[in-house]
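Now for the letters of each chain:
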Amino acid sequence: MPNTRVIYWFRTDLRLHDSPALQAALGLHPEAFWPVWTWDPHYVYRARVGVNRWQFLTDCQNDLSKSITKLNKKSKLFLMREAPQTLFPKLFKAWKITHLVFEKDTDAYARDRDANVIKAAEEAGVQVIVRSGRTLWDSDLLVEKNHGKPTMSISQVQNAGPKIGLIPRPIPAPKSLPDPGPTNLDFKQDEPDQRPDFNGKSRQSADKSYEKIAGPKGDFAVPTLEELGFPSATSAHRGGETIGLKILDNIISDETYTATFEKPKTSPAAFDPQATTLLSPHLHFGSLSIREFYWRVQDIVTTFKGKASQPPVSLTGQLLFRDMYFGAQAKLGYSFGQTMYNSHCRFIPWHLPSKVNHETKLVTGEYHIDSTEAEEWFQRWKWGRTGFPWIDALMRQLRKDGWIHHLGRHAVACFLTRGGCYVSWERGAEVFEEWLLDHETASNAGNWQWLSCTAFFAQFYRCYSPVAFPKKWDKEGAFVRKYVPELKNLDDKYIYEPWTAPLANQKKAGVKIQGNGSEDVQGVYPKPMFDFGERRTVCLDGMKKAYQVGLYGDDAKVIDGSWRKLFDDHGEGPTEGESFEDAMGPSAGSEDKIREGPEHGFDDDGAIEEDESGAKEIGGESKGGEKRGSKRKAGQKTLDAHFKKLKTG
DNA sequence: GCACTGGTTGGCGAA
DNA sequence: CTTCGCCAACCAGTG
């Protein structure tokens, strides 16, 4: 088509195979075609992204760029370091663009962003083409066919999905790409707002990825980890369409594995190789198409001679859960990622609840420390020093590799929330957001709600034991020995409860079970941070009570704080009455009452009061750091400092 | 409206 | 060593 000049905007579809949006763009037969990525400050600073996920993302981008160049020597992935909302209006003019094409994204932030970009395009006379492709079915259509309601069970997806139609067969990758037009950038770069930087703590040096719009060499290159100020990645799992398709080939080549896969029967303790496909990060970044995955598996299942497994436990069944969470998020928007204002998330008076801005109805990224004990438990959980080897091994695997098995995620999520610490699922979700390679908001928030029994799942009396559960999979503790090497010589019978090992056995194994993990001493592993049996009972009682009270995140009593009157004074978590005062400190007139106030634009009405220890260091930003840090309790400060040291060291 | 079943992945002790 | 029923009890979906 003469005079058609197209920007194809890549986002979470970093591939050439099976892209409905890319097909639509090429169907315009443009005279000029630019494959573009915009380096969005929202992702760089306001999302929690650990170094391993940066590596995976840039792997995908570099691989895609190479593949583009293979199809057209003049072309590549043109990566520009600016927010799309400000960049595109300038590009439309500079490059005389007629069409902008991209794949639909139903993440809450993405919808806002895309709406702004679409508006700017309309104002510039640029035609926008959007195609669904990230999920099996268009998430908005799925909601529509589910009577306009968020998809909250797998049976709803299984009913609503087929009403939309058959899952489309994958589209082959294009065999050629049109030339790009000139890539002049004779306009001024809009500098990003670097504050707050949720990833600031991970950086060794300042982020330099925005210094020039087309990169340091002006060649539109993908930023390096060094430019981002990050140290080297620690995970061996690498990104890119080439790798994603190769992993799929390997899976498919084992017909029995593919056709008889049953998720609950795969071992969370297996490593090298793991028991599941490890394709989830590729689905997240789009380096593997979900329909490619679906149909390659389905075709094996159809021809398989023998008894094939069925959804939801089968391989294709796993994909249905993903669509379920996307459907829930598509309807519930931002509120799906939090408890407050979430109409479908049960309210439980967890420890360490999120702070909320009641004007925007969004969480601020900070949280209340209602209990220093719970904060210590949370930090020990995060850094793999709980004293429960199964939990610690999983959390260390997460930090190092960026991936843990689904059932391992169950174990650590249950332990942090309803089955141990009674800490808000939102704290755990933030850690997963930072460290998981495959993190996507919909699946992460959905699964945390599932495991914490606040949505999707309600059998809170089914509780994972950090001792009994792993024994079912790994009697010898090979997984623990790999990720918690302090314990590698301990006898099998003590591997999941080393505190029961007699001193003679500890000595023989070269490990001392002592302390609370606050000191990093060679040959020492901490004692368990609580009696699990006791905590399980306390949590179960708390959950029972919270279910009886029956509040959801959008209830007026939850929002105004009057929920406290409905809970027993002696129950777990922040409650009303005398012991509330004891636990939280006086709610008024305290000299230490330094609060997140209107000066920060947060209008938190204090649904839960903080204790005098501050509760300000969280959220990954340095805002108000020193002032409040000094008010922290000494013990906690030491612990925090230690964990920080571990993290960088 | 009510009884009943099933729910991707629990733990435990008895037989 | 495996299988079964119980624990104390949730919700959604169905007839």
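For the structure, check the block above.
Residues numbered from 1 in each chain as written. Chains lettered and ligands numbered in written order. Predicted model: local features only at pLDDT ≥ 70, side-chain atom pairs only at ≥ 80, totals over all residues. Heavy atoms only, no water.

## Details of the nonpolar core
Residues F293, W381, W390, F415 and L487 are the most contacted members of the largest nonpolar core, which totals 113 residues. It is helix α13 (residues 315-332) that contributes the most residues to this core, nine residues altogether. Counting only domains with at least three residues in this core, you end up with domain 2 (135-173 + 240-333) and domain 3 (338-648). Setting aside residues up to four positions removed in sequence, F415 forms contacts with W381, T386, F388, I391, G420, C421, P466, M529, F530 and F532. Core analysis: the second largest hydrophobic core is formed by 37 residues, W37, V49, V101 and L228 among them. (Core = buried A, V, L, I, M, F, W, Y, C linked by side-chain atoms within 4.5 Å. Buried < 20%, exposed > 50% of the residue type's maximum accessible area, 1.4 Å probe, protein only. Helix = DSSP H or I, 4+ residues; strand = E, 2+ residues; numbered from the N terminus. Domains from an automatic or database assignment. Contact = heavy atoms within 4.5 Å.)

## Comments concerning the sheet that holds strand β5 (residues 127-131)
Within the open sheet, the five strands sit side by side as β3-β2-β1-β4-β5. Their pairing is parallel. Two strands in the sheet have a free side with no partner beyond their single neighbour: β3 (78-80) and β5. Going across the sheet, the axis of each strand differs from the next one's by a mean of 25 degrees, ignoring polarity. (Pairing = 2+ DSSP bridges. Axes fitted to C-alpha atoms, helices over the stretch in contact; angles between N-to-C directions.)

## What about the environment of G240?
With respect to the helices and strands, G240 occurs in the loop between α8 (225-228) and α9 (241-253). For the pair G240 and D59, spaced 181 residues apart in sequence, the C-alpha to C-alpha distance is 5.4 Å. Those residues in contact with G240 that lie beyond four places of it in its chain are D59, C60, D63, H282 and S287.

## Let's talk about the protein's contact with DNA strand B
Neighbouring DNA strand B are 20 residues; P264, F321, H410, C463 and S465 lie closest to it. Expressed as a percentage, the sugar and phosphate content of the atoms of DNA strand B within 4 Å of the protein is 46%. A distance of 3.3 Å separates a sugar or linking oxygen of DNA strand B from a polar atom in the backbone of C463. In the model, a phosphate oxygen of DNA strand B is placed 2.6 Å from a nitrogen or oxygen of the S465 main chain. Of all elements in the fold, only α13, α16 (406-416) and α19 (468-473) reach the threshold of two or more residues within the surface near DNA strand B. The class makeup of the residues in the surface near DNA strand B is eleven nonpolar, five polar and four charged. (Near = heavy atom within 4 Å. Polar contact = N/O pair within 3.5 Å; in protein donor to acceptor, adjacent residues only side chain to side chain. Nonpolar A, V, L, I, M, F, W, Y, C, P; charged D, E, K, R; others polar.)

## A word on empty space enclosed by the protein
All told, the structure shown has three cavities of 30 Å³ or more when counted by the stated rule. If you add up the space inside the second largest cavity, you get close to 60 Å³. If you trace the second largest cavity, you find it lined by K104, D105, T106, S132, G133, R134, T135, S139 and F326. In the lining of the second largest cavity, the residues fall into one nonpolar, five polar and three charged. (1 Å grid on protein atoms, 1.4 Å probe; cavity = no way out; pocket = protein on both sides within 12 Å on 5 of 7 lines; lining within 4 Å. Points joined across faces, edges and corners; volume = space filled by probe spheres on them.)

## Comments concerning the side chain of D63
Mapped onto the elements of the fold, D63 is located in helix α3 (residues 51-71). Buried within the structure, D63 lacks any salt-bridge partner; K66 is the closest side chain of opposite charge, at an N-O distance of 5.9 Å. Separated by 2.7 Å, the side chains of D63 and T242 make a polar contact. The contact partners of D63, leaving out residues within four places of it in the chain, are G240, E241 and T242. (Lys, Arg positive; Asp, Glu negative; His and termini not counted. Salt bridge = Lys/Arg side-chain N within 4 Å of Asp/Glu carboxyl O.)

## Some details on the protein's contact with DNA strand C
Looking at DNA strand C, the residues that line it are S153, S155, Q156, R346, A458, Q459, F460, Y461, K544 and Y547. When atoms of DNA strand C within 4 Å of the protein are split into backbone and base, the sugar-phosphate part holds 60%. A distance of 3.2 Å separates a phosphate oxygen of DNA strand C from a polar side-chain atom of R346. A distance of 3.3 Å separates a base nitrogen of DNA strand C from a polar side-chain atom of Y461. Counting only elements with at least two residues in the surface near DNA strand C, the list comes to α7 (154-164) and α22 (532-549). Residue classes in the surface near DNA strand C are distributed as four nonpolar, four polar and two charged.

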